[in-house]
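Listed below, chain by chain, are the residues.
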Amino acid sequence: MPLCGIARWHLLGGQLMREQSFEKDFYELLKNFNSQNIRSIREKIFLNNKIFKYMQMMKEHDIDTYKHSVNVAAISVEIAKVYNYSIESLLILVKAALLHDIGKIHIDKSILNKPSKLSQIERTLIEEHSLIGYRILVDDIDIEKEVAIAVLQHHERNDRSGYPNNLCENEISFFAKIIAVADIFDAMLYKRPYKRAWPLLDVMQYINSLSGTLLDSDVVTILNTIYNVNLCKGLL
């Protein structure tokens, strides 16, 4: 039985390798989608030289950030399937999800992967990555402005506690809201130098605790539906 949804991310997400190309990594995480739209998105991404350039820069700077970004794109696609977006809209979401952490290429790896507690200065530097990413992308004629905006806003939260602009719920791009949930989901699942890996059930419980206050409740509901479908199929 082919893997689908959360089961695929959970089992394959940690196996993206430095030796593999971006094409191979992205293909592995999307190969079991049956939607014609998703297959078209995959092909368009493969043909986009600028996306390849940015992903290669990310991979060379920090392999964990790269793997996380590919995972977040796959998770975002799974969530977005519910909304029946056009190919053009899905393509914008996928680009934004792939590039949501592109700003981290300008943050030293010693800070990104510091095993001990960050200083206030280091935390401020980390929190600048979404603004740095926006600045990289907004003037790039090959990248849609909607992509840059979603990258800028993926750490904004409904209650204005996010960054960089402390936006409220109705000011945040919906694609940024999707990426925010996918970002937290994937980040919590895998061990990093500064954190342990969380069990999948604990990740879901934590995300549910943020629903409606920090995270978009509709997006969280969709993630729960995907989780429950996979659970019923015995894939988790």
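Thresholds, definitions, all that
- Residues numbered from 1 in each chain as written.
- Predicted model: local features only at pLDDT ≥ 70, side-chain atom pairs only at ≥ 80, totals over all residues.
- Heavy atoms only, no water.
- Helix = DSSP H or I, 4+ residues; strand = E, 2+ residues; numbered from the N terminus.
- Buried < 20%, exposed > 50% of the residue type's maximum accessible area, 1.4 Å probe, protein only.
- Contact = heavy atoms within 4.5 Å.
- Areas by Shrake-Rupley, 256 points an atom, 1.4 Å probe, with all protein chains shown as cover.
- Axes fitted to C-alpha atoms, helices over the stretch in contact; angles between N-to-C directions.
- Parallel < 35°, antiparallel > 145°, perpendicular 65-115°, else oblique.
- Left-handed = near helix turned anticlockwise from the far one by under 90°.
- Nonpolar A, V, L, I, M, F, W, Y, C, P; charged D, E, K, R; others polar.
- Polar contact = N/O pair within 3.5 Å; in protein donor to acceptor, adjacent residues only side chain to side chain.
- Core = buried A, V, L, I, M, F, W, Y, C linked by side-chain atoms within 4.5 Å.
- Phe/Tyr/Trp six-rings, centres within 6.5 Å; stacked < 30°, edge-to-face > 60°.
- Salt bridge = Lys/Arg side-chain N within 4 Å of Asp/Glu carboxyl O.

**Details of the overall build of the chain**
- Scanning the chain for helices and strands turns up 13 helices and zero strands.
- In the chain, the succession of helices and strands from N to C terminus is α-α-α-α-α-α-α-α-α-α-α-α-α.
- Burial statistics for the chain: of 236 residues in total, 54% are counted as buried.
- Summarising the internal contacts of the chain: among those between residues at least 6 apart in sequence, 67% fall at separations of at least 24.
- Accessible surface, the chain: about 11,000 Å² in total, of which carbon and sulfur atoms supply 53%.

**Some thoughts on helix H9 (residues 129–138)**
- Looking at H9, one finds that the buried residues are His129, Ser130, Ile132, Gly133, Tyr134 and Leu137.
- Contacts from the buried residues of H9 go to helix H4 (49–61), helix H8 (120–127) and helix H10 (145–153).

**Some points on the packing of helix H11 (residues 174–189) against helix H13 (residues 217–232)**
- At a minimum axis separation of 9 Å, H11 and H13 run at an interaxial angle of 45°. Classified by the angle their axes make, H11 and H13 are oblique. H13 is crossed by H11, and the crossing has right-handed handedness. Counting all contacts with H11, which are made through Phe174, Lys177, Ile178, Val181 and Phe185, the residues of H13 involved are Val219, Val220 and Leu223.
- Partitioning the contact of H11 with H13 into residue classes produces seven nonpolar, no polar and one charged.

**Looking at the side chain of Asp140**
- Checked against the element boundaries, Asp140 lands in the loop between H9 and H10.
- The class for Asp140 is buried, based on a relative accessible area of 10%.
- At 3.0 Å, the side chain of Asp140 forms a polar contact with the side chain of Lys50.
- Side chain to side chain, Asp140 and Tyr54 meet in a polar contact 2.5 Å long.
- When neighbours within four sequence positions are excluded, Asp140 is seen to be in contact with Lys50 and Tyr54.

**A word on the nonpolar core**
- Of all hydrophobic cores here, the largest spans 61 residues; its most connected members are Ile79, Leu98, Leu99, Leu137, Phe185 and Ile207.
- The biggest single contributor to this core is H11, with 11 residues.
- Ile107, Ile111, Leu112 and Ile126 belong to the second largest nonpolar core, which has five residues in total.

**With respect to the packing of aromatic side chains**
- Counted by the stated rule, this structure contains four aromatic pairs.
- Grouped by ring-pair contacts, the aromatic residues Tyr83, Tyr85, Phe174 and Phe175 constitute a single cluster.

**Some thoughts on unusual backbone geometry**
- A cis geometry characterises the amide bond from Tyr163 onward to Pro164, with omega recorded as 15°.
- With a phi close to 75°, Arg160 is a non-glycine residue in the positive phi region.
- Among the structural elements, Arg160 can be located in the loop between H10 and H11.
- Using a relative accessible area of 44% as the deciding quantity, one classes Arg160 as partly exposed.

**Overview of the pattern of salt bridges**
- Evaluation of the coordinates by the stated rule reveals 11 salt bridges.
- Close ionic contact of Asp64 with Arg192 constitutes a salt bridge, the shortest N to O distance being 3.4 Å. Here Arg192 lies in the loop between H11 and helix H12 (200–209) and Asp64 lies in helix H5 (residues 63–80), a separation of 128 residues in the sequence.
- For Asp64, a relative accessible area of 23% gives the class partly exposed.
- The partner of Lys81 in a salt bridge is Glu78, and the shortest N-O contact between them spans 3.7 Å.
- When its relative accessible area of 40% is taken as the criterion, Lys81 is described as partly exposed.

**Topic: the packing of H12 against H13**
- Packing of H12 against H13 brings their axes to within 10 Å, and their N-to-C directions diverge by 155°. By the angle between their directions, the pair H12 and H13 is classed as roughly antiparallel. You can see that H12 and H13 cross each other, and the crossing is left-handed. Contacts between H12 and H13 pair Leu200, Leu201, Met204, Ile207 and Asn208 from the former with Val220, Leu223, Asn224 and Tyr227 from the latter.
- Within the contact of H12 with H13, the residues separate by chemical class into seven nonpolar, two polar and no charged.

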